[in-house]
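Residue-level structure breakdown
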Amino acid sequence: MRSTTLLALLALVLLYLVSGALVFQALEQPHEQQAQRELGEVREKFLRAHPCVSDQDLGLFIKEVADALGGGANPDTNSTSISNHSAWDLGSAFFFSGTIITTIGYGNAALRTDAGRLFCIFYALVGIPLFGILLAGVGDRLGSSLRRGIGHIEAIFLKWHVPPGLVRILSAVLFLLIGCLLFVLTPTFVFCYMEGWSKLEAIYFVVVTLTTVGFGDYVAGASPNQNFAAYQPLVWFWILLGLAYFASVLTTIGNWLRVVSRRTRAEMGGLTAQAASWTGTVTARVTQRVGPTAPPPSEKERPPLPPPPCPAQPASRPLSPVAPEKTEPSSPPTASALDYPSENLAFIDESSDTQSERGCALPRAPRGRRRPLNPPRKPSRPRGPGRPRDKGVPA
């Protein structure tokens, strides 16, 4: 990625973050202030009803209660009653381990011991890559199964003579609808029934979970009224399939974007070639009608003199062998041979120069008669008895 593109992307992300911060501040800050006012009113009411309790003692009590709730204590039970629901029973502990390796981390249950925190470090370092491999495999299988089922539907559409482009759009829409029905809408109604949440709260929990945000304000199975031991493990398997589906969707979108970018580059290359070919054709036609243009002479320059006549060749000197010349085409070059107008103009200039010099070319031999490859040697003069040998003449 180029530096300019990276900087532009960074600026876009920062702008997105700032806009999100402003919107969340405008929506949530009034609610926070209202909750703080209500807490102050309740605290003053309690102190007026119990004058023997000091303000410092009440503050310490509230802090201890908050710490206990953060540690997983249930405020509905006291020390004498026995609770069937524990934050660290086998089902809850399995769900907590699943939130570690899926990187969701709701935060409703936290580790309070040093041994547990030390074990969590190594557990996360090993479990997160392992879960990533599992997620890739499940996403591949799940996406292949969904695409195979949608392929049968595409075959039905093609039998009905539906255009292929429309079939691709319908298959993509069906892929998204089936996934949303299985992993978003159906769990929403299940959580509404099992947890007693509203539809907005349930779909909020689904989206926050499948995007691995995991605020922890809503957690499936955290209510003490749930007596179904396998409920939270089943929720974790739904998280696995949902994450795999969203991974396959993101992979499909990435592949589609790569195909679109390649097709766009190919189309732009074809358009550029067509434009160059069209420009070359127009230039050749204009040159054929008007002829090659030369720059007008200046006032100080004299008109060019006519070319001198060709010198006559001596009769005693034989002609040197000349290879047969190729006749220049009378018509201008087409755009298929030369694709750029500058090359067309250069070819026209060369052809005009060749035609101007053709008048001074040597006469050609008539067809059917070949010129001698080697010229005849001069006869040597007779050498007298006292005459030295001429240089260059063989004895």
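Residues numbered from 1 in each chain as written. Predicted model: local features only at pLDDT ≥ 70, side-chain atom pairs only at ≥ 80, totals over all residues. Heavy atoms only, no water.

As annotated in an unreviewed UniProt entry, the protein chain carries the name Potassium channel subfamily K member 4 and comes from Moschus moschiferus. Its UniProt record, at the heading Subunit (unreviewed entry), says of the protein chain: "Homodimer; disulfide-linked. Forms heterodimers with other 2-pore domain K(+) channel subunits, such as KCNK2 and KCNK10." The heading Sequence similarities (unreviewed entry) in the UniProt record of the protein chain holds the text "Belongs to the two pore domain potassium channel (TC 1.A.1.8) family." (UniProt positions renumbered as here; feature names shortened; annotations may be inferred.)

The number of helices and strands found in the protein chain is 8 helices and 0 strands. In the protein chain, the order of α-helices and β-strands from amino to carboxyl end is α-α-α-α-α-α-α-α. Of all intrachain contacts in the protein chain linking residues separated by at least 6 positions in sequence, the fraction that spans at least 24 positions is 63%. Split by element, the accessible area of the protein chain, about 30,900 Å² in all, is 64% carbon and sulfur. (Helix = DSSP H or I, 4+ residues; strand = E, 2+ residues; numbered from the N terminus. Contact = heavy atoms within 4.5 Å. Areas by Shrake-Rupley, 256 points an atom, 1.4 Å probe, with all protein chains shown as cover.)

Let us look at helix α3 (residues 90-101). Look at α3: 17 Å from first C-alpha to last across 12 residues, which is about the 16 Å you get at 1.5 Å a residue. For α3, the set of buried residues is G91, S92, F95, F96, G98, T99, I100 and I101. At the C-terminal side of α3, T103 shows a positive phi close to 60°. (Expected span 1.5 Å × (residues − 1). Buried < 20%, exposed > 50% of the residue type's maximum accessible area, 1.4 Å probe, protein only.)

Taking 1.5 Å per residue, 46 residues should reach 68 Å; helix α4 (residues 114-159) reaches 65 Å between its end C-alpha atoms and fits that length. Every buried residue belonging to α4 is among G116, A124, G127, F131, L135, G139, L142, G143, L146, I150 and F157, and all of these are buried. Just beyond α4, the residue with positive phi is H161, at close to 60°.

This brings us to the nonpolar core. Counting 31 residues, the largest nonpolar core has F191, V235, W238 and I239 as the members making the most contacts within it. Only α3, α4, α5 (164-195), α6 (199-210) and α7 (231-290) provide two or more residues apiece to this core. A per-element tally of this core places α7 first, with 10 residues. Filtering out sequence-adjacent residues up to four positions away, F191 remains in contact with G196, W197, A202, F205, V206, A220, Y231, V235 and W238. (Core = buried A, V, L, I, M, F, W, Y, C linked by side-chain atoms within 4.5 Å.)

What the largest pocket holds in volume is close to 680 Å³. In terms of lining, the largest pocket is formed by 23 residues, of which the most central are R147, A172, F175, T252 and W256. The residue makeup of the lining of the largest pocket, split by class, is 10 nonpolar, 9 polar and 4 charged. (1 Å grid on protein atoms, 1.4 Å probe; cavity = no way out; pocket = protein on both sides within 12 Å on 5 of 7 lines; lining within 4 Å. Points joined across faces, edges and corners; volume = space filled by probe spheres on them. Nonpolar A, V, L, I, M, F, W, Y, C, P; charged D, E, K, R; others polar.)

Let us look at the packing of α5 against α6. Between two packed helices, what matters for the description is the angle formed by their axes and the separation of those axes. Running from N to C, α5 and α6 cross one another at 130°; their axes reach a closest spacing of 9 Å. Comparing their axes, α6 and α5 come out oblique. Along this stretch, α5 crosses α6, giving a crossing that reads as right-handed. Seen from α5, the contacting residues are F183, V184, P187, T188, F189, F191 and C192; seen from α6, they are K199, A202, I203, F205, V206 and L210. Classifying every residue of the contact of α5 with α6 by side-chain character gives 11 nonpolar, 1 polar and 1 charged. (Axes fitted to C-alpha atoms, helices over the stretch in contact; angles between N-to-C directions. Parallel < 35°, antiparallel > 145°, perpendicular 65-115°, else oblique. Left-handed = near helix turned anticlockwise from the far one by under 90°.)

Our focus in this paragraph is empty space enclosed by the protein. According to the stated counting rule, one finds 1 cavity of 30 Å³ or more in the structure shown. Put simply, the largest cavity is a space of about 40 Å³.

So, about the side chain of T209. Tracing the chain through its elements places T209 in helix α6. A distance of 2.8 Å separates the side chain of T209 from the side chain of Y106, its partner in a polar contact. Non-local contacts of T209, meaning those with residues more than four positions away in its chain, are made with I104, Y106, W238, I239 and L243. (Polar contact = N/O pair within 3.5 Å; in protein donor to acceptor, adjacent residues only side chain to side chain.)

By the element assignment, Q232 lies in helix α7. Residue class for Q232 comes out buried when judged on its relative accessible area of 8%.

This part takes up the pattern of salt bridges. Tallied over the entire structure, the rule returns 2 salt bridges. The salt bridge involving R43 is made with D55; its shortest N-O contact spans 2.7 Å. Of this pair, R43 sits in helix α1 (residues 3-49) while D55 sits in helix α2 (residues 55-70), placing them 12 residues apart in sequence. Of the residues examined, R43 reaches a relative accessible area of 31% and is grouped as partly exposed. The exposure class of D55 is partly exposed, given its relative accessible area of 38%. (Salt bridge = Lys/Arg side-chain N within 4 Å of Asp/Glu carboxyl O.)

Turning next to a nonpolar patch on the surface. Taken together, the side chains of M1, L6, L7, L9, L10, L12, V13, L14 and L17 make up a nonpolar region of the molecular surface, amounting to roughly 930 Å² of accessible area. For L12, the location among the structural elements is in helix α1. Under the relative-accessibility criterion, L12 is labelled exposed at 53%. (Patch = residues over 30% accessible without salt bridge, like charges linked within 9 Å, V, L, I, M, F, W, Y side chains within 5 Å.)

At a closest axis distance of 8 Å, the pairing of α3 and α4 adopts a crossing angle of 70°. On the basis of their axis angle, the class for α3 and α4 is roughly perpendicular. When α3 is examined against α4, the residues S97, I100 and I101 are found in contact with a partner set consisting of C120, Y123, A124, G127, I128 and F131. A class-by-class count of the residues in the contact of α3 with α4 yields 7 nonpolar, 2 polar and no charged.

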